[in-house]
Amino acid sequence: MIDVRSPAWVVSGLAGAGAVAGSFGLGGRTPRFVAAPAYGVFRDAMPGALMAWAIEHLGTLAKPLSFLPVVVLTVLAFVLLARAAVTAGRTSRVPYTGAVAAGAFSWLLAVVLTGAMVASLGAAVPPLVVLAATERRWRVPSDRPTQQSRRSVLAAVGALVGFTGLSLARGWTITGARQGPLSAILDEEAQREADWLLALAEDRSLDVGGLEPLVSEDFYKVDINAVKPDPTAERWSLSVTGAVEDSLELDYEDLLSMPMEHRFVTLRCVSDNVDGRQLDGALWTGVPVADLLERAGVEGDYVMLRAVDGYHVGFPLSALEPGLLAVGMNGRILPRGHGFPVRALAPGHWGETNGKWLEEIEVLEDEEKGYWEKKGWHGTGPVNTIAKLYEENVTHLDDGRIRLAGHAYAGTRGIARVEVSVDGGESWEEADLSERLPGRLPVGADLEASGIAADAWQQWVYHFEPTQDEHEVVVRATDGEGTVQPREHSRPFPRGATGWVSLTVQR
Ligand SMILES: Nc1nc2c(c(=O)[nH]1)N[C@H]1C(S)=C(S)[C@@H](COP(=O)(O)O)O[C@H]1N2
Ligand SMILES: [Mo]
């Protein structure tokens, strides 16, 4: 039996926990932290049904809850390595063999997991120090706990807690985010245009306090990673491969030298509930996909986008062709969390198709399933029509009226109208809509032009006089093709939630 209170195991435990804490201290919230790549292995082994359940029911908690056991398992792996180092130290007559072995084993494991030579020192130094400092205690193979070792164990645990605290504080500040204005990668003109468009969006946003403006202040994030990828622009490249006349490979500079466009685009995740919050709008700047596809000469009808994080999504090429390869968001360099250096934007399609950290566009002759479709989702098609109403956008005005406000989105079909019922769906009245945002605007072109219709949401607002203590408020949108948002409720899995949003509003 293993007695975990034996000096060898106590020391190994401290060394293993120290290794993971130290790795976070140097790697921080980047893939250079040892538990980050370990998460991928765990995630891909998870059954699709369990994942769909967690996504629908745990929401943003699903990620931290599934990351925790991975961190524990990672600590365990480093504990076992340290324990092996103890054995090596005991059989060697050379002093500090165990400590050096613990450091070396831990560094190697960290490098294998993360590929980062320097940051992996964060995982190597704590085991080395712990084994070196306690050599006197575990060198002699006595696996019985003693009174004295218990007191020093307390001191050692205290030291570990302190070290972990410091590492957490330091690691938390390492976000790898590269931020900066658009003008740092494009010219001043592109920056001026973006700023002008952002001002336009502010102008067209309804003057309703508490309602998210047309350019979201806090854009939702959804991806398969516990820790987001952190590719560097210098080493990154984008290739167009598969059924093409000429495969292409472009680096960041190549892409930045192509003609650019600004676009207002809204994204919604297929896992968004009717009353969920995975719906947001932004201004994006990038290269039209069609320009790249034309250069490559496509010979297939499908596409597979592949990204740095192993994410891949397959869908008809026709959905990507009118799309954008975004390098900028809201007048800034595309943030790491949204796919730096480049992400795809497929107009009017579920969030899934908008690959972040994109590195390959593979043209296919036959359709192939991507990451989520293999797990049973059908989230590569056009979005469902939705009108949102959140609790906090129900306002009792001083004049006795109640103001309701929200957003509506139907992808490239656009919103024709939003209707509100205050009697549970018996009678309907039309809400006021914010003015539509312009579509594509080529960099350097005349900004007066309104361009084609944007794949962007609109805001709605409606006022009513309460006539009873309680009103059952229902909202529904009609898209630009005249189709009314269906009433029947369905869950997000597998092809997106349907149904009208309703709220009970007190007088
Ligand atoms: N590389 C990569 N791209 C990805 C994902 C991912 O996990 N990895 N998730 C997709 C999903 S499901 C959605 S809804 C959108 C969300 O984009 P956002 O995080 O910028 O809001 O990104 C898509 N692109
Ligand atoms: Mo999504």
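It should be noted that the structure appears before, not after, this text.
Here the residue index of a chain counts from 1 through its sequence in written order. Throughout, the order in which chains and ligands are written sets their labels, letters from A for the former and numbers from 1 for the latter. For this predicted model, a pLDDT threshold of at least 70 governs which residues receive local features, and a threshold of 80 or more governs which side-chain atom pairs are given and counted, while totals over whole chains, interfaces and linings are taken from all residues. As a rule here, side-chain values come from all non-hydrogen atoms in the structure, and water together with hydrogens is ignored.

A.B. asks: Mind showing me how you'd approach the site of ligand 1 here?
C.D. replies: A molecule or strand has a residue near it when one of that residue's heavy atoms lies within 4 Å. The environment of ligand 1 is formed by 18 residues, the closest being Y220, D309, H338, R343 and K356. Two N or O atoms form a polar contact when they lie within 3.5 Å of each other; inside protein one atom must be a possible hydrogen donor and the other a possible acceptor, and for residues adjacent in sequence the pair counts only when both atoms belong to side chains. Here a nitrogen atom of ligand 1 and a side-chain polar atom of D309 are 2.8 Å apart. Protein contacts shield 99% of the accessible area of ligand 1, which totals 530 Å² for the unbound molecule. Across the shell around ligand 1, the residue classes tally to eight nonpolar, four polar and six charged. Per-residue and other accessible areas were derived by the Shrake-Rupley procedure at a 1.4 Å probe size, with only the shown protein chains allowed to occlude residues. The nonpolar class holds Ala, Val, Leu, Ile, Met, Phe, Trp, Tyr, Cys and Pro. Asp, Glu, Lys and Arg form the charged class, and all remaining residues, Gly among them, are polar.

A.B. asks: How should helix α6 (residues 121–133) be read in this particular structure?
C.D. replies: Given 3.6 residues to a turn, an α-helix orients residues that are three or four positions apart in the same direction. Secondary structure follows DSSP: runs of H or I at least 4 residues long count as helices, runs of E at least 2 residues long count as strands, and numbering of each begins at the N terminus. One less than the number of residues in a helix, times 1.5 Å, gives the span that helix is expected to have. Taking 1.5 Å as the rise per residue, α6 with 13 residues should run 18 Å; its terminal C-alpha atoms sit 18 Å apart, in good agreement. We call a residue buried when its accessible area falls under 20% of the maximum for its residue type, exposed when it is over 50%, and partly exposed in between, using a 1.4 Å probe and counting protein chains only. The set of residues buried in α6 consists of G122, A123, A124, P126, P127, V130 and L131.

A.B. asks: I keep staring at the pairing of strand β1 (residues 237–242) and nothing clicks. Help me out?
C.D. replies: Regular strands place their side chains on alternate faces of the sheet. Strand pairing is assigned whenever DSSP identifies at least 2 bridges connecting the two strands. Across four bridges, β1 lies against strand β2 (residues 248–251) in antiparallel orientation. Residue pairing in the sheet places S237 in a bridge with D251 of β2. With antiparallel pairing between neighbouring strands as the criterion, β1 and β2 make up a hairpin whose turn holds five residues. When β1 meets strand β10 (residues 358–364), the two strands line up parallel, connected through four bridges. Within β10, the residue paired with G242 across the bridge is V363.

A.B. asks: What am I meant to see in the sheet that holds strand β5 (residues 302–307) here?
C.D. replies: Hydrogen bonds between backbone atoms are what pair the strands of a sheet, whose relative direction is either parallel or antiparallel. Spatially, five strands are ordered β2-β1-β10-β5-β6 in an open sheet, and the strand pairing comes out mixed. Pairing within the sheet leaves two strands with one partner each, and these edge strands are β2 and β6 (312–316). Within this sheet the neighbouring strands show an average axis-to-axis angle of 15°, counted without direction. Inspection of the sheet shows β5 paired to β6 by five bridges, in the antiparallel sense. Its bridge partner lying in β6, V303 is registered against F315. Lying on the sheet, helix α11 (residues 289–296) is in contact with β1, β2 and β10; it crosses β2 at an angle near 135°. Between N-to-C directions, angles cover 0 to 180 degrees, with each direction set by a line fitted to C-alpha atoms, over the stretch in contact for helices. When checking whether two residues touch, look at their non-hydrogen atoms; a contact exists if any pair is within 4.5 Å.

A.B. asks: Would you take a moment to explain the nonpolar core for this structure?
C.D. replies: Generally speaking, nonpolar side chains in soluble globular proteins are found buried as a group. Side-chain atoms within 4.5 Å link the members of a nonpolar core, which is a set of buried Ala, Val, Leu, Ile, Met, Phe, Trp, Tyr and Cys residues. Within the largest apolar cluster, 89 residues are counted, with the highest numbers of intra-cluster contacts made by L255, L404 and W460. Element by element, the count of residues in this core is highest for helix α9 (residues 188–204), at five residues.

A.B. asks: Can you help me understand the pairing of strand β13 (residues 402–409) in this one?
C.D. replies: Burial analysis of β13 places eight of its eight residues in the buried class, the great majority of the element. Side chains of β13 alternate between two faces, with I402, L404, G406 and A408 and R403, A405, H407 and Y409 buried alike. As paired elements, strand β11 (residues 386–387) and β13 share two bridges and run antiparallel to each other. Bridge assignment links A387 to a residue of β13, and that residue is A408. Across three bridges, the pairing between strand β12 (residues 394–396) and β13 is antiparallel. Each bridged residue has a counterpart across the sheet, and for H396 the counterpart in β13 is I402.

Read these as spatial facts, not as claims about activity.
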